[in-house]
Structure formats: structure tokens, C-alpha cells
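# A closer look at the structure
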Amino acid sequence: MSTYALQSVFRPASVAVVGASPRARSLGRLVLRQLCDGGFAGRIGLVNPRHAAIDGIEASPSMEALPFVPELVVIAVPPADVADVAEAAARRGAKAAIVLTRDMGQGEGSHNAALADVARAHGLRIVGPNCLGVIAPHAKLFASFAAHAPLAGDLALISQSGAVAAGMIEWSRPRGIGFSAVASLGDALDVDFADLLDYFATDRHTRAILLYVERVRDARKFLSAARAAARAKPVVVVKPGRHARRDGAATTHAAALAAPDAVYDAAFRRAGLLRVHALDELFSAAETLSHLGSLPGKRLAVMTNGIGVGMLALDRLVDLGGTRASLSDTTLDKLDSALVRGWSRRNAVDMLGDADGARYATTLDALLDDRDNDAVLVMQVPTVLSDPDETAAAVVRSLQARPRMATRKPVFAVWLGDQPQARKTLGDAGIPVFDSEADAVRGFMYLVRHHEAQTALMETPPSLPDDFAVDMAAARAVVDAALREGRTLLDPVATAALLGAYGIPVADVTRARDADAAAAAAERLFARGMTVAVKIDAVDIAHKSDIDGVRLNLGSAQAVREAAADILQRARILRPDARIDGVTVHAMTVRSKARELIAGIADDPTFGPVVVFGRGGTAVDVIDDKALMLPPLDLRLAHEMIGRTRVLRILKAYRDVPAADERAVALVLVKLAQMAADIPELRELDINPLLADAAGVIALDARVLLAPVTRLHKGRGHPRFAIFPYPVEWERTITLSNGSTAFVRPVRPEDETMFRRFFERVSPEDLRLRFFSAVRHFSHEFIARLTQLDYARSIALAAIDPGTGEMLGAVRLLADANYDTGEYGIMVRSDLKGAGLGWRLMGIMIEYARWQGLRVVEGQVLRENTTMLAMCRQLGFAITPDPDDATVAIVRLPVAGTSD
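Residues numbered from 1 in each chain as written. Predicted model: local features only at pLDDT ≥ 70, side-chain atom pairs only at ≥ 80, totals over all residues. Heavy atoms only, no water.

### A few points about the sheet that holds strand β37 (residues 878-882)
Within a sheet, each strand pairs with its neighbour through backbone hydrogen bonds, oriented either parallel or antiparallel. Spatially, 8 strands are ordered β31-β32-β33-β34-β35-β36-β38-β37 in an open sheet, and the strand pairing comes out mixed. Looking along the sheet, the strands with just one partner apiece sit at the ends: β31 (732-735) and β37. In this sheet, neighbouring strand axes are inclined to one another by 25 degrees on average, regardless of whether the strands run parallel or antiparallel. Sheet analysis places strand β33 (residues 794-800) next to strand β34 (residues 807-815), joined by 7 bridges and oriented antiparallel. Looking at the pairing, L797 lines up with V811 of β34. This element, helix α25 (residues 752-760), spans β32 (741-746), β33, β34 and β35 (821-828) of the sheet and lies at about 115 degrees to β34. (Pairing = 2+ DSSP bridges. Helix = DSSP H or I, 4+ residues; strand = E, 2+ residues; numbered from the N terminus. Axes fitted to C-alpha atoms, helices over the stretch in contact; angles between N-to-C directions. Contact = heavy atoms within 4.5 Å.)

### Details of α25
Along an α-helix, residues three or four positions apart point the same way, because every turn accommodates 3.6 residues. Here α25 has its buried residues at E752, M754, F755, F758 and F759. The arc that holds every buried residue of α25, seen down its axis, measures 160 degrees, which confines them to one face. Looking at the buried positions of α25, the neighbouring elements they touch are β32, α26 (764-771), α27 (780-787), β33, β34 and β35. (Buried < 20%, exposed > 50% of the residue type's maximum accessible area, 1.4 Å probe, protein only. Arc of directions from axis to C-beta.)

### Quick word on the state of the cysteines
Here the structure, examined in full by the defined rule, presents 0 disulfides. In this model C131 remains outside any disulfide bridge; the closest cysteine sulfur is found in C36, 19 Å from its own. For C131, a relative accessible area of 3% translates into the label buried. (Disulfide = S-S within 2.5 Å.)

### Let's talk about the pattern of salt bridges
Under the defined criterion, the tally for this structure stands at 61 salt bridges. Residue E87 is joined to R91 by a salt bridge in which the shortest nitrogen-to-oxygen separation is 2.8 Å. Taken together, the positions of E87 and R91, both in helix α3 (residues 79-92) and 4 residues apart, correspond to about one turn of that helix. The class for E87 is partly exposed, based on a relative accessible area of 23%. Overall, the relative accessible area of 61% leaves R91 in the exposed class. Across the pair D537 and R511 runs a salt bridge, and its minimum N-O distance is 2.8 Å. Remark: R511 occurs in strand β21 (residues 509-512) and D537 occurs in strand β22 (residues 532-538); sequence separation between them is 26 residues. Given the relative accessible area of 7%, D537 is considered buried. One network of salt bridges, in which partners are shared, links E485, R487, D491, R511, D537 and D581. (Salt bridge = Lys/Arg side-chain N within 4 Å of Asp/Glu carboxyl O.)

### Here's the deal with the side chain of D370
Mapping D370 onto the fold places it in the loop between α13 (357-369) and β18 (375-380). The side chain of D370 sits in the buried core without any salt bridge; K409 is the nearest counter-charge, 6.3 Å away. Polar contacts involving the side chain of D370 include one to the main-chain amide nitrogen of S328, which spans 3.1 Å. With near-sequence residues (within four places) excluded, D370 lies in contact with S326, L327, S328, T331 and K409. (Lys, Arg positive; Asp, Glu negative; His and termini not counted. Polar contact = N/O pair within 3.5 Å; in protein donor to acceptor, adjacent residues only side chain to side chain.)

Structure, rendered in C-alpha cells:
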């Protein structure tokens, strides 16, 4: 339901409390008192059939007897009564309820199930049960049993834990940190993280969103909302359980590397969220991000009157991945003229212990003018020769005297010791002040990481090579055959066939039931001048090296025969319970300068398929050098994965070892992600090792686990993908009225160049009619918003000339947060009007809206755009004037329950 009726939760006109009693520790009574004492301006009602009044508030015996219709109801009654109270509230006309009651149970027949039935039947929004309540300081709504009301501010806090929410309120008050809202989700029966992310993303009182997440239930909904919110404002998340272990033993190395928290970390990063690891970091990151915004790089300049703390700051900077800024020649000349002899002449800039305000101001001006840094950290160490308050005032005056655009470079401050006046002076000027150099550097790196996340959301990936082709029929044949035979683990030959269908190079492999068959298979490879490897073939032995089940570099039939016999004998002794099918014979791949990597797919119970990459080999679990990412992937994301591992360093050239083909490695990761999208039955896949060198890549050993798909994900697309994959089912070829054809497909992130060429062939007048104003330049950011799509919420379909690859037109549809209404936009190349392309694209868009389950498609059209209005009228759209703009018409088409 998303944002539906959430205004009634955070800004209600009236509130009723059900469940208050005269008992001193009555939860309802405490909340009633908080509501009254908090200054809520709306009507407050009380429902209690046993008491005429509580604390001077007159009680009504029932919901029906209330003298007004409550917009919001706070419920604090025993579990067995909650559903009945909610039913009565909904029938009375309430829009939302906050349920404080705990111990509601789970599953069919529980009190929670009964409450959920009421919520669905009446569209009643439920916060809770088992929650701390909701606080909206700007509306003076204190519908919570937290000990104190938070200060009013611009941070929205969404917490799965009531205790954490209450603790954060107490922590924030003495520090002067305020909130636009505090919401405790509790059991999150209805209102969840995604709903509130959608709500606060557009809330004018909220500058940044803070999340305390213990677990996510609907991964696709959460990630879609998180990505949308992160594009609008900073979203900072803290999650406990960083060292939690996965349930059950891993059957592949990829699964072992995909620990639960590592998958959450990958999900947060993919959505553009900034993750921190402690509650104080949560506030620090939000304050830094919301006050200073973003920055273009990670080069930090440090200025101080004590070189020791300056050097510590730079050490911490490098530890966290930042870069020490250099000082330009111009800056060195300025500072040589302004500072006393003996200053450091490097970063950190040591102005010496007697530095006064004037020296600070001059140095700060020089560093802010220097293009070789991205931000400045100003540090002050108290000495008998310094005046912290005067220095702080001089820093502020220096910043305020600069032209407005010049102050965009972030400035951080550390005033060591107890310096309340200096800290206030700096804070009032919007300069973040930290307690230590480590905290300040961490604050700077929050900006760096947020900028990198936002940039990643907008980057255009490189196109896939023209020969990126998948033999889907061959892949499906392998999987279907295994499932028909009841096999969930592919044998080595089938595994090689599956990888081969996706163009992943694999070493030759043959199955052999006994030693003689292995020798015969090896003879064929010897005839080609190869040596061979022999490995155990047993579905129950996950890791062959555990039983010494691998022999390498065998060059004769007798050596193969002996190795196979020994392997089989050892397997039967060490694993008498295992099903042993024989051995496999592999062509030895000798690439002396190749690096051993691991690439694979793991299955996470929350987020579904996860792509895994890292350092491979038998010690993969011990080395634990890995990166995870949720599919789908493109080449940019694949290279990003590689870049987050230590193994990247040895993929580069060193000594006499040429650089490995990183693009070939990245392409394997993209292909694995595509395989996960194409084959929902794929549960785990392990390529270990994947050899990589200058000549490319080759898989030496692989393991694939399957499972039947028994149910579909609610909604459309892949049944288990947390991120809606590219909807290939919407590719089609259409015929236009002039007899020509066009290929229609969903827009992809790499389509930026295609869009630029398209806009060059649209007349200025057509651009004005589409965008409601003259458009002369299309920035990367603008086009990225047209091509970087969350397919769970929006679709753009491009019509492409199959001969030239040029875009002929496009239509887009963006669903609202409630998945109720979709807003469309359409544009056709100016020289193609009259060919029927616009009509066909509109028809496909309407079909897609029905497929998504939307109720209405609507759009805004300039009233002078008579061609578009005529087409809308023919398609059945109702056309009405825009009440806010006489030059615009609103067009609306009901699509739910209709058919072509």
C-alpha cells in the first residue's frame, strides 16, 4: 500500500486512544498524557467502556460514541481485543492505527492474522504491533511511550527496535539533534521500511533519513523504495549482526563467502544507502551529509597548529580509503608569504603552535582556492599562545567573506578540548565540529562514500560486446534434463555444457565410472598433446580436496588408471556414506602466470541470488577476499565488484607477469548474473578456480546446484530477484502503417548515446511540447534519469530501427509509490510523425500498465498539443483542465480490469 494514508499517521487532524486505564503504568494512559502534554493541536479522544474519564479526559464507551471521527487511533488493549478495536475504528472512519500491544502471535489463527484481515478489508494503515509508537515533532504528535519527546528537526528515524528508537531520542536531546519524525515499526504487520522511505523521500520537513534495520522481509519492495529515496536525500542505515553466521552448512565456496551480513551490505550499497556500524555514526553521517551535501573527490587538506594531530588525521584518511591532497605551487607561494618560517610546507599544513585567527584565515583561504583538494579539515589544539574562540570566529569570518559559489567546498573542524563557545560559533555557521581527528576524517569519508554511491546510481555502463550471446535452448535443456531425473547437482559434463551455453570457457571434461574408463578417456586427450587431471565424481562430496580427490598433471594411461583407482578407494574409505559415480577426466590447462579466482552465485534467503567474486583456490574460505553484488549486473558493476577485492592488485601487471584480462573476468560475472536471471531454478554455482591471465579466462572446476521453482514472486519478473531484472518479455517487433518495422525493447542503462542521437533529430518545438519548456542541452544527469530505471516502478520502451540501431521514439510509464497510478510520457522522432509509431507505443504502454496491475494511467499534455490530445481521446482517455495550470490538460485512462 506504500504511502497511502501515511499523512494520517504523521499529521492527523484528530487522535483517539483506546486502552487507557487509571492504572499508573497503563500504556494507554501514558500515551494519552504524552499526547496532551505534547501540545497536539487536533482533537484528542479516549475510548474506555469502564471509566467515565481518565486524567480529566472524558471517555466514550465505544468508538461509535466518540463525538468526532478520529483520523488516527492508538491501540493499547489486550491482544485478543486488538482486531475488534481496529475493526470498529475503521468502520467509524479512521485512516490509520498505531498498535502498541505486543505478544500478538504469528501465523494463521493468530491475533496478528486477524488484525491483518481487518487492515486489508478496510484499507486501514497499521503501524506495529509491538512498537514504541510514532512521534512527529513538527505536528506536535507524541503518540509514543518514549521517555521524552525529541527536539524538532529534519532527520527522520525509522527503527525496527523500539528500544533503539528510545535510546536514540535520549542520545540526541543533549546534543541538540532534532527529528522530523520518529517511527518504530515493531512487527511491521503493514507499514514497513519501504512505505516510510517512500513517504519521507518527499517530505519537506525531512533532510535525511536514518534507518535501524534488523531484517528485511520484502527485499524487492525495500530496495526499490530505498533506491528512490537515496536519489532524493541521504539515507543512512545501521544494522546489527555483522558477525552472524548463515544457517546450515554451505555446499559451495560461493555460498560460504556470501555470509548474511555481507549480502545485506551488498544490498545497501546497490541501493545507494550509506551504511555505518554504530548509533553515534548514524547521527554523525546524517549531520555531515545533510549540512555539506556532496563533493567531487576524496582529496583532503589538513591545516593545524599541531603537526602531530595533523599527521594522525592523514593516517586515518589513508586507512579509510581517502587521498592526501597535495599543495599546488601557487598555494605554497601564498603560504610562504603569509606564514612564519618553519611551517611544514606540505599537507598537513602546520601553522605552528602560536597560530592566531589571522593565520588560520589566511591558510584557509589559500587551501579553499587550491584545486588540488576537495575539502579542508581545520584543526585547533589549545595552547597558552592560542585563542580557540578568536580562531573559530576568524575561520567563520573567512568563510562568510567568500563569494557564495566558493563556499561549496566542504570545511570540517576539530577544536580539541572543552571549547563550547568555539564549537557553537563554528556550528552556527554550518561547519561540522568533531571531537577528534578520527571522527572528522570519518565524517569526510561519509561524504566521499555518499558521492560514490550517488555517482554509481547515475553512471552509464559500457555496452556489452556484440558477440554476447546465450544459447538459451541448450541451457534450458541441461537444467530440464537434470530436474526430470530428480538431480539437483549437475554432473561435471552437464555443468560444462551449461557454462558453455553462456560462452564461459571451460576445460574439457569426461566422466568415467572406473579406472579403466578413465584411462581410455585420457588416451583421447593424450593424442592431442595434453596432460590430464583426474577428480572424484561424487554428488555428496562438496569439496574434492577434503578427501585428496584430485590428481594433476598425469601424462600416461597407467598413471591415470592408478590415480583413479586410488581416488575411488580413498573416497569409499573416508566417505562410506557418499554416492560415488566414478571420476572425471579433465584436460590440464597449464597457464603458469594465471591467477586463481572464484566466481559464482549464492542464494540468500532474503535477497535471493547473489553474485560472488574473489580470490580462488583451495584456501578461498581462509583468505576470504570477496565482493558480493545483487544481480542483474552490467560491465560497470562487474568492474566495481572486482575493484573491491584485494585480488585486483595481482590482476594488474607486476614484475614479468602481464596484466590479466580484467574485462574477460568482468564479462564472466555479467554472464553469471544473466544466467541467474534466465534460470530461476539455479540455486548455487561455483567456479573455482577460474583462471585469468592476459589470454583471457577459463573455468577449471565448477559446481551447480538446482531446485525446482514452486512459486512465483508476488508481482512480475524473476521469482527470486530482489532487483527487478531487465524485462526481456517486453521485447517485440512491430509493423508501422508505412510497412516498415521497429524493434521495441525496454530501455537499458547503456542507452545514453542512443538517446542523445535521438534528441538531435527532434525539433525544438517537439521538445518544448514534451518537456513544457525550451530544452537546449541534455546533461548526463538528465539522460541518466531516463535510462537508469528501476523496472519495479518504471518502464521505458524504445522503438529502434533494426537496420541502423537508431532510436525512433520512446514511451515511459512511472508508477506511483502505491502502485495505483502510472504517469506516462511519449516522444517520437519529428520526421516520423504519421507512421503510427506513437499509437503503437501508447498501446504497448497501456498493456504494460495492466500487466503491472495499475488502476489508472495519466499524463499532463499542453493544451496546444492538439495531436497528442486527439490520440488520447481516440484511445479512450478522459481529458480535463489542470486546476493549477490553465495551459495544461490532464489525461486519464482507467486500465484495471479492462482488456484490449
